[in-house]
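Residue-level structural notes
Next come the chains, spelled out residue by residue.
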Amino acid sequence: MAGQPFGRTKDGSPVTRYKLARSRLRVDILDYGGVVSRIDTPDREGAWTNVVLGARDVAGYEASDAHFGAIIGRYANRIAGGRFSLDGHEYQLPLNVGGNTMHGGTNGFDRRVWRVIRADETTVVLGYRSIDGEQGFPGNLDVEVAYSLSDDQTLRIDYRAWTDRPTILNLTNHSYFNLSGEGSGDVMQHRVAIAADHYLPTDADQIPTGEIRPVAGTAFDFREPEALGSRIRDGDSQLALAHGYDHTFVLREPGSLRHAASAVDPASGRRLDVATTQPGLQLYTANMLDGTAIGSGGRLYRAGDAVCFEAQGFPDAPNRAEFPSTTLRPGEVFTATTTYRLSAD
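A brief structural summary. Here the residue numbers are simple positions, counted from 1 along each chain's written sequence. This being a predicted model, a pLDDT of at least 70 is required before a residue's local features are given, and a value of 80 or more before pairs of side-chain atoms are given or counted; all residues contribute to the totals for chains, interfaces and linings. Hydrogens and water are ignored here; the side-chain numbers use all heavy atoms of the structure.

Some thoughts on the environment of His174
As a reminder of what qualifies: Helix and strand definitions follow DSSP, with helices as H or I runs of at least four residues and strands as E runs of at least two, each counted in order from the N terminus. By the convention used here, residues are in contact when the closest approach between their heavy atoms is within 4.5 Å.
Mapping His174 onto the fold places it in the loop between β16 (172–173) and β17 (176–177). Separated by 98 residues in sequence, His174 and Ala76 place their C-alpha atoms 9.4 Å apart. Setting aside anything within four residues of it in sequence, one finds His174 in contact with Ala66, His67, Phe68, Gly69, Ala70, Ile72, His103, Tyr284, Cys308 and Glu310.

Structure representation (C-alpha cells):
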C-alpha cells in the first residue's frame with residue numbers, strides 16, 4: 001500500500017501517512033515517530049469520530065513536547081539524573097525535564113523518521129536503527145514496531161528489538177484518548193478501570209521512590225470503574241505533585257498478554273479496552289497540556305482533555321534493582337505487545 005505525503009520535517013525529510021481500515025476501525029499512522037495520528041470509530045448511534053489527540057501537520061508534532069501518539073524510546077518515562085550504571089560502566093544521558101531524562105532525551109524515537117518495512121490495508125511495520133551513543137545510550141539498537149488491525153476493532157502494536165551491546169530499553173506508545181472525540185473537552189467523566197493492586201509513588205521530580213504502594217483506600221484505586229474526575233482533586237500529595245494522574249500502575253500477571261485497563265465514555269457509549277504483556281501501565285491525564293497546542297481538529301488542548309494508557313516497563317528501573325529489569329543484551333530479542341480495542345455500548 002502506498003502512503004500519502006504528509007509534509008516534511010524542518011530538515012527536509014519527507015513524512016508519509018498510512019491509512020489502515022478494517023471492520024469498524026480506521027487508523028492513520030505516520031512514519032514520523034510512528035505516530036498514531038487518528039483513530040476513527042463509531043459511537044452507539046453509529047456516528048464516527050477521531051478519538052485521539054494529535055497535531056495538524058508535521059511542524060505541529062515537531063514543536064510539541066506532548067509526544068502525541070508516538071513511539072517512545074529508547075527509554076519511556078523518567079531516569080533519575082539521566083544517569084545509570086550497566087556492567088560497571090556509567091552512562092550520562094541528556095537532561096530534558098528538570099535534572100532528569102524523560103522519554104528518551106531531547107531527540108528520542110518520537111522525533112525520528114522511521115523506515116517502512118511493510119504496509120498494506122491493515123498493517124504497517126516500521127523499523128529504526130538507533131546507533132551506539134545516540135542520546136547517550138550504549139549499543140546499536142534495531143527496533144521494529146508493527147501496527148495491525150483485526151476484525152474485532154482492535155489496534156495491535158507489536159514491538160521487537162535487539163542490540164549488539166548491553167543497553168537499556170523501555171518502549172511504549174503515547175496515544176492520548178478522548179472517547180467523546182478529539183477536541184471535545186475534558187475526559188473527567190470517562191469511567192476507568194485498571195487491573196492493578198499497587199502503584200508507584202514518586203518524589204517531587206516524579207521519580208519513583210522505590211515504594212510499591214497498595215491502591216486500596218486511595219485516589220489510585222481503579223480496581224472497579226471510577227470516573228477519572230471523581231477523586232482527581234482529592235488532597236493526595238501524589239496528585240498534587242503530578243497535577244493529576246501521572247503514575248505507573250503495577251499490573252497483575254506480568255509477561256502474559258492480559259487485560260490491563262478499560263475506559264468508557266457514558267455520553268457516546270464508546271469503550272476502550274487495553275491489554276498488554278508489559279509489567280506497568282502509566283495513567284496520565286494530560287496534565288501538561290496548557291492551551292498552547294492547536295490540535296488536529298483546530299481546537300486548543302488543555303489539561304484533562306485526554307487520558308493516556310502507556311504500557312511500559314517501570315520508570316528509573318536501571319537504578320532500581322527491585323524493579324523488573326529493562327536491560328537488553330546481545331543475543332536477546334525484546335518483545336512486547338499492547339492492544340487497544342474500541343467498541344460501543
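Some points on the nonpolar core
Formally: What we call a nonpolar core is a set of buried Ala, Val, Leu, Ile, Met, Phe, Trp, Tyr and Cys residues that are connected through their side-chain atoms within 4.5 Å. Using a 1.4 Å probe on the protein chains alone, a residue whose accessible area is under 20% of its type maximum counts as buried, one over 50% counts as exposed, and one in between counts as partly exposed.
By size, the foremost hydrophobic cluster in this structure holds 60 residues, and its most contacted members are Ile39, Tyr147, Ile194 and Phe309. At five residues, strand β13 (residues 141–150) tops the list of elements feeding residues into this core. Of all hydrophobic cores here, the second largest spans 21 residues; its members include Val58, Ala76, Ala286 and Leu289.

Quick look at the packing of aromatic side chains
Heads up, the rule is: Stacked, edge-to-face and tilted labels apply to pairs of Phe, Tyr and Trp rings (six-membered ring for Trp) whose centres lie within 6.5 Å, assigned for plane angles under 30 degrees, over 60, and everything in between, in that order. The rule for a charge over a ring is simple: NZ of Lys or CZ of Arg within 6 Å of the ring centre, and within 35 degrees of the ring normal.
In this structure the tally under the stated criterion is 16 aromatic pairs. A ring pair is formed by Phe109 and Tyr128, whose centres lie 5.4 Å apart and whose planes are at 65°; its orientation type is edge-to-face. Remark: Tyr128 occurs in strand β12 (residues 123–130) and Phe109 occurs in the loop between β10 (101–102) and β11 (115–119); sequence separation between them is 19 residues. Since its relative accessible area comes to 1%, Phe109 is described here as buried. Pairwise contacts between aromatic rings join Tyr199, Phe220, Phe222, Tyr245 and Phe249 into one cluster. Here the guanidinium or amino end of Arg26 rests over the ring plane of Trp48, the centre of that ring lying 3.8 Å away. The side chain of Arg231 reaches across the aromatic face of Phe222, ending 5.3 Å from its centre.

By themselves, these observations are geometric and do not establish any function.
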